[in-house]
Amino acid sequence: MAKNTEDLKNYREALIAEREALRADIKDLDNSNYEILRQMKEVEIQLLEKNRASRELSSTLHELKKSLVRFVTEESSLTTEIDLLETEKGRMIATYDEMSHECGDNISNLGGTILKIDFMKGELDSLRSKIRMTEQQAGEAFRALDSLEEKFSWASKAFAELTDSMKGIEKGLKIKYYTKE
């Protein structure tokens, strides 16, 4: 029994030592819990500060977004206007190129027309010269024709007088012939 008592004593001492170790562990756990609670409180305070800063940043961000929307809208409007102007510029360049090509063709045609006009001027001058010469020749021919006409008129009068005279002579002969018989 002595052994039993001794075992019990040892067992009791072991239990007491274990209880003391457990108390020390509990005290350490309590200290650790206290430290964790203190850290949690600090983290909660930091979280509250960060939430407040986040709300302030969100409010600032919202205000910046509102001001940026105006700039983005203006930029979009200007981009659209630039695109329209670029399109119009392209159309104007195409129209300019087309008109420039047409002007080049027209200038070439005008150059050809001017050459033809110059040629026609030379031809007209030549024709005028020929007309003047023909008019002079016609004037001479008309004068000759007038002279010829006068001669025909004179000859016609002479023939008419001759015819009248011959008729008169014929009449006179007929009268003499028929009266003599």
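So, a few notes on the structure that sits alongside this text.

Cut-offs used in this document
- Residues numbered from 1 in each chain as written.
- Predicted model: local features only at pLDDT ≥ 70, side-chain atom pairs only at ≥ 80, totals over all residues.
- Heavy atoms only, no water.
- Helix = DSSP H or I, 4+ residues; strand = E, 2+ residues; numbered from the N terminus.
- Rg over C-alpha atoms; globule rule 2.2 N^0.38 Å.
- Buried < 20%, exposed > 50% of the residue type's maximum accessible area, 1.4 Å probe, protein only.
- Areas by Shrake-Rupley, 256 points an atom, 1.4 Å probe, with all protein chains shown as cover.
- Lys, Arg positive; Asp, Glu negative; His and termini not counted.
- Charge placed at Lys NZ, Arg CZ, Asp CG, Glu CD.
- Salt bridge = Lys/Arg side-chain N within 4 Å of Asp/Glu carboxyl O.

1. Digging into the overall build of the protein
- When helices and strands are counted, the protein shows 1 helix and 0 strands.
- The C-alpha radius of gyration of the protein comes to 71 Å, more than 25% above the 16 Å expected for a compact globule of 181 residues.
- In terms of principal-axis extent, the alpha carbons of the protein reach across some 235 × 35 × 30 Å.
- Out of the 181 residues in the protein, the part that is buried amounts to 1%.
- By element, 61% of the accessible surface of the protein is carried by carbon and sulfur atoms, the whole surface being about 17000 Å².
- Averaging the coordinates of the 29 positive side-chain charges in the protein and doing the same for the 36 negative ones gives two points 7 Å apart.

2. Digging into the pattern of salt bridges
- Counting across every chain of the model gives 9 salt bridges.
- Here Arg-23 makes a salt bridge to Glu-20, at a shortest N to O gap of 3.2 Å. Here Glu-20 and Arg-23 lie together in helix H1 (residues 2-180), a separation of 3 residues that amounts to about one turn.
- Since its relative accessible area comes to 41%, Glu-20 is described here as partly exposed.
- A cluster of three or more residues bridged by salt bridges with shared partners is formed by Glu-35, Arg-38 and Glu-42.

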